[in-house]
Amino acid sequence: MDPPCYPTESVALQGRNEGYPGPSAGPSGVQYTSVNMAPEAPEAPKDHVIWSIFNLVHCNPCCLGLAALIFSIKARDRKVAGDMNGARHYGSTARCLNIWARALVSISLLILIIIIIVTASKMSEMITSFNKNPRFNVNYNDIYRG
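Cut-offs applied
- Residues numbered from 1 in each chain as written.
- Predicted model: local features only at pLDDT ≥ 70, side-chain atom pairs only at ≥ 80, totals over all residues.
- Heavy atoms only, no water.
- Patch = residues over 30% accessible without salt bridge, like charges linked within 9 Å, V, L, I, M, F, W, Y side chains within 5 Å.
- Areas by Shrake-Rupley, 256 points an atom, 1.4 Å probe, with all protein chains shown as cover.
- Salt bridge = Lys/Arg side-chain N within 4 Å of Asp/Glu carboxyl O.
- Helix = DSSP H or I, 4+ residues; strand = E, 2+ residues; numbered from the N terminus.
- Buried < 20%, exposed > 50% of the residue type's maximum accessible area, 1.4 Å probe, protein only.
- Expected span 1.5 Å × (residues − 1).
- Contact = heavy atoms within 4.5 Å.
- Axes fitted to C-alpha atoms, helices over the stretch in contact; angles between N-to-C directions.
- Parallel < 35°, antiparallel > 145°, perpendicular 65-115°, else oblique.
- Left-handed = near helix turned anticlockwise from the far one by under 90°.
- Nonpolar A, V, L, I, M, F, W, Y, C, P; charged D, E, K, R; others polar.
- Polar contact = N/O pair within 3.5 Å; in protein donor to acceptor, adjacent residues only side chain to side chain.

Another aspect to go through is a nonpolar patch on the surface. Together, Leu 109, Leu 112, Ile 113, Ile 116 and Ile 117 make up an exposed nonpolar region whose accessible area comes to about 480 Å². Among the secondary structure elements, Leu 109 is positioned in helix H3 (residues 84-132). A residue is classified by how much of its surface remains accessible, and Leu 109, at 49% relative accessible area, is partly exposed.

This is how it looks when you write it as structure tokens:
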């Protein structure tokens, strides 16, 4: 009664069959049961469409978000057509483009924050030195008294 494509394995059930209705365990006290398990289906390739849309809208340096979205849609089309190798290839390319887009935006944002902090500290130093220099301290009351 076993299908020819699925191998069966005999597994010994431990314990006794006391008090339960059903077939007895036999003279050796061990009952065997075979379980047919279907092989796992290969995982469908990922197309990263949501990630590509996010990169297109929020972080799109050098149009990498748009390119990632195009490759994601190609991967989804290949998956629907049944070409899993093509879908894996396009999905992998979309993933790489998304990673590069995210990395470029993160690095640019970090550089921008550093520039703002350095500029603010330099401005603070300039204002402090300007206020300490007696040449620039003008008493406006002396000017208007005339």
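Let's pick the thread back up.
A separate point is H3. Look at H3: 72 Å from first C-alpha to last across 49 residues, which is about the 72 Å you get at 1.5 Å a residue. Turning to H3, its buried residues are Gly 86, Ala 87, Gly 91, Ala 94, Leu 97, Asn 98 and Ala 101. Of the surrounding elements, those touching the buried residues of H3 are helix H1 (49-58) and helix H2 (64-81).

Contact pair H1 / H2: the axes reach a minimum separation of 8 Å and the direction vectors enclose 160 degrees. The orientation of H1 relative to H2 falls into the category roughly antiparallel. In this structure, H1 meets H2 at a crossing whose hand is left-handed. Every residue of H2 that contacts H1 at Val 49, Ser 52, Ile 53, Asn 55 and Leu 56 is listed here: Gly 65, Leu 66, Ala 68, Leu 69, Ser 72 and Arg 76. By residue class, the composition of the contact of H1 with H2 is six nonpolar, four polar and one charged.

Moving on: the environment of Thr 128. Along the chain, Thr 128 turns up in helix H3. In terms of polar contacts, Thr 128 uses its side chain to reach the backbone carbonyl oxygen of Ser 124, at 2.8 Å.

We now examine the pattern of salt bridges. In this structure the tally under the stated criterion is three salt bridges. Asp 47 serves as the salt-bridge partner of Arg 76, at 2.7 Å between the closest nitrogen and oxygen. One end of the pair, Arg 76, is in helix H2; the other, Asp 47, is in the loop between strand S2 (31-34) and H1, and 29 residues separate them in sequence. Judged by its relative accessible area of 41%, Arg 76 falls in the partly exposed class. Its relative accessible area of 9% is what places Asp 47 among the buried residues. As a salt-bridge pair, Asp 47 and Lys 79 come within 3.7 Å of each other at their nearest N and O atoms.

The values reported here are purely geometric and, on their own, carry no functional implication.
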